[in-house]
There are 2 protein chains.
Amino acid sequence: MSSSHPRPPAEVMAPWRIPLGADLAAHVTRAEALYVQLATVRADGRPANRTLVFRGFLSGDRLAFITDLRSDKVAELACHPFAEACWYFPEARVQWRLLGEAQCLSEEGPELQHARSRWWRERDEAARRSFAGPRPGARRAEDEAFAVEAPVIPPAHFGLLVLAPDMVERLDLRATPHRRERWHADEYSWQAQRLNP
Amino acid sequence: MSSSHPRPPAEVMAPWRIPLGADLAAHVTRAEALYVQLATVRADGRPANRTLVFRGFLSGDRLAFITDLRSDKVAELACHPFAEACWYFPEARVQWRLLGEAQCLSEEGPELQHARSRWWRERDEAARRSFAGPRPGARRAEDEAFAVEAPVIPPAHFGLLVLAPDMVERLDLRATPHRRERWHADEYSWQAQRLNP
């Protein structure tokens, strides 16, 4: 399926990175501005949606999130490897939608290994301990199962979820009428278009 | 498909309404706490995700949103009538996920007619005008197409999107370890279960 959703080579910087960077910069003091809702498709064909914390960009304009590789979204993406992130910036009153192929990775290539090590070090004790606990989404284990030591090195299921958008939209709710722009990738570049809000 | 996702009769009040009401009440002064991300499935099988404003509950523990019936999500739901709402409350540090059948309706029965009339009256001039403008998501029309009078009565495409959840999750990020609960409907009642976070 991915061949029907081409993206430009990684050297081509996506034009939507500049306005997205500006909206991010306007919210630098608000931690929840990094919270993104990520939609996927379940094995039964129904949608799923949950909040993730945006961790940064990887080469090729890919968005990186941290995930427990034992979680449901990893199994969902193995069947349907596409996701749409919906990202709302309350100060700017701007919504972003980023649709594309999504993969969950442990260690693959030096860039991902480096990012994974760095983000593991940056996580606090409680967050690191959560990766040593029982499997997410299973029936609640006894409290003792959560009373574990935080691992020093990242366990194998400390993974990254990487979204490579091929269609991106920005909706500005401050403008009247609202301003809606879409960027669409082909194998060479990004095409921009204005849409009715 | 809906028969495989039963719900209790409308007289049975869902147990998740009480904690959801409490989380809503804790955010009564924050307008963006009514913003919900709604995931659907596109005609090509990829997910879609956008922000909607929660308008209130209808009978049978159904969540109501306003939608332009000409928008893409309406066509998506006609093919795949399921949605998952992801709702994050920043003060409480609580995430809700509500999965179920979703329908877009114009006027059907007195309850919906009443809700629709009331929400139309409550919308400001600019919001009402947006329903008289050109079709959402189409290539941007000329500015003149947006310089229209706000209709007095709701146009036919001023519709409601109604979500009837059959699986609901609450994730409390303040607790250590995080606390995750799921309610699952059958045709008689709701079953509650605690899950690993």
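So, here is what we can say about the structure in this document. All values reported here derive from a predicted model rather than from experimental measurement. (Residues numbered from 1 in each chain as written. Chains lettered and ligands numbered in written order. Predicted model: local features only at pLDDT ≥ 70, side-chain atom pairs only at ≥ 80, totals over all residues. Heavy atoms only, no water.)

1. Topic: the overall build of chain A
Within chain A, the secondary structure is distributed over 4 helices and 8 strands. Along its sequence from the N terminus, chain A presents helices and strands in the succession α-β-β-β-α-β-β-α-α-β-β-β. Oriented by its inertia axes, the alpha-carbon framework of chain A measures out at about 55 × 35 × 35 Å. Out of the 197 residues in chain A, the part that is buried amounts to 53%. (Helix = DSSP H or I, 4+ residues; strand = E, 2+ residues; numbered from the N terminus. Buried < 20%, exposed > 50% of the residue type's maximum accessible area, 1.4 Å probe, protein only.)

2. Examining the interface of chain B and chain A
How big an interface is tends to be stated in terms of accessible area lost as the parts join. In this assembly, 51 residues from chain B lie in contact with 51 residues from chain A. Taken together, the two surfaces of chain B and chain A that pack against each other cover about 4,300 Å², and 50% of this comes from carbon and sulfur. Summed over the shared surface of chain B and chain A, the number is 6 salt bridges. Between Glu84 of chain A and Arg42 of chain B there is a salt bridge, and its shortest N-O distance comes to 2.7 Å. At the boundary of chain B with chain A, the tally comes to 27 residue pairs in polar contact (both at pLDDT 80 or more). Secondary structure elements with two or more residues in the side of chain B that touches chain A: β1 (35-41), β2 (47-58), β4 (82-89), β5 (94-105), β6 (158-172), β7 (179-185) and β8 (190-195) of chain B. Considering each element in turn, the side of chain B that touches chain A owes the most residues, 6 residues, to β1 of chain B. Broken down by class, the residue content of the side of chain B that touches chain A amounts to 22 nonpolar, 12 polar and 17 charged. (Contact = heavy atoms within 4.5 Å. Buried area = accessible area lost by both parts, 1.4 Å probe. Salt bridge = Lys/Arg side-chain N within 4 Å of Asp/Glu carboxyl O. Polar contact = N/O pair within 3.5 Å; in protein donor to acceptor, adjacent residues only side chain to side chain. Nonpolar A, V, L, I, M, F, W, Y, C, P; charged D, E, K, R; others polar.)

3. Section: the pattern of salt bridges
One pass over the structure, following the stated rule, counts 36 salt bridges over all chains. In this structure, Arg30 of chain B and Glu32 of chain A form a salt bridge, with 3.1 Å as the shortest nitrogen-oxygen distance. On the criterion of chain membership, the pair formed by Arg30 of chain B in the loop between α1 (17-25) and β1 and Glu32 of chain A in the loop between α1 (17-25) and β1 (35-41) is interchain, its members lying in two chains. What makes Glu32 of chain A partly exposed here is its relative accessible area of 25%. One salt bridge connects Asp44 of chain B with Arg46 of chain B, and the closest N-O pair in it is separated by 3.8 Å. On the basis of relative accessible area, Asp44 of chain B is assigned to the partly exposed category, the value being 43%.

4. Considering the relation of the copies chain B and chain A
Placing chain B over chain A gives an RMSD of 0.0 Å and needs a rotation angle of 180°, together with 0.0 Å of translation along the axis. Taken together, the rotation and translation describe the operation of a two-fold axis. By C-alpha distance to the rotation axis, the residue of chain B lying nearest is Ala39 of chain B, at 2.8 Å. Here 100% of the interface residues in chain B have copies in chain A that are interface residues too; the copies meet face to matching face. (Least-squares fit on C-alpha atoms with pLDDT ≥ 70 in both.)

5. Structural notes on the packing of aromatic side chains
All names here are of chain A. In this structure the tally under the stated criterion is 22 aromatic pairs over all chains. Seen in terms of ring centroids, Phe54 and Trp87 are 4.9 Å apart; in terms of plane orientation they differ by 55°. Their pairing is tilted. One end of the pair, Phe54, is in strand β2 (residues 47-58); the other, Trp87, is in strand β4 (residues 82-89), and 33 residues separate them in sequence. On the basis of relative accessible area, Trp87 is assigned to the buried category, the value being 0%. With 6.0 Å between their ring centres and 70° between their planes, Trp120 and Phe131 make a pair best called edge-to-face. On the criterion of sequence distance, the pair formed by Trp120 in helix α3 (residues 109-122) and Phe131 in the loop between α4 (125-130) and β6 (158-172) is long-range, its members being 11 residues apart. Phe131 matches Trp120 in its accessibility class, with the two residues each being buried. Taken together through their ring pairs, the aromatic side chains of Trp16, Phe54, Phe57, Phe65, Trp87, Phe89 and Trp190 make up a single cluster. The ring of Phe57 is capped by Arg17, whose NZ or CZ atom sits 3.7 Å from the centre of that ring. (Phe/Tyr/Trp six-rings, centres within 6.5 Å; stacked < 30°, edge-to-face > 60°. Lys NZ or Arg CZ within 6 Å of the ring centre and 35° of its normal.)

6. A short note on the environment of Ser130 of chain B
Along the chain, the position of Ser130 of chain B falls in helix α4 (residues 125-130). Separated by 19 residues in sequence, Ser130 of chain B and Glu149 of chain B have C-alpha atoms that sit 9.5 Å apart.

7. Some words on the pairing of β2 of chain A
Residue and element names in this part refer to chain A. Burial within β2 is extensive, with 9 of its 12 residues counted as buried. Of the strand pairs in this sheet, β1 and β2 are connected by 7 bridges, and their pairing is antiparallel. Paired with Tyr35 across the bridge in β2 is Val53. In this antiparallel pair of consecutive strands, β1 and β2, the connection spans 5 residues, and Gly45 shows a positive phi of 90°. Here β2 runs beside strand β3 (residues 62-68); their pairing, made up of 4 bridges, is antiparallel. Following the sheet pairing, Phe57 is matched in β3 by Leu63. (Pairing = 2+ DSSP bridges.)

In short, geometric facts, not functional conclusions.
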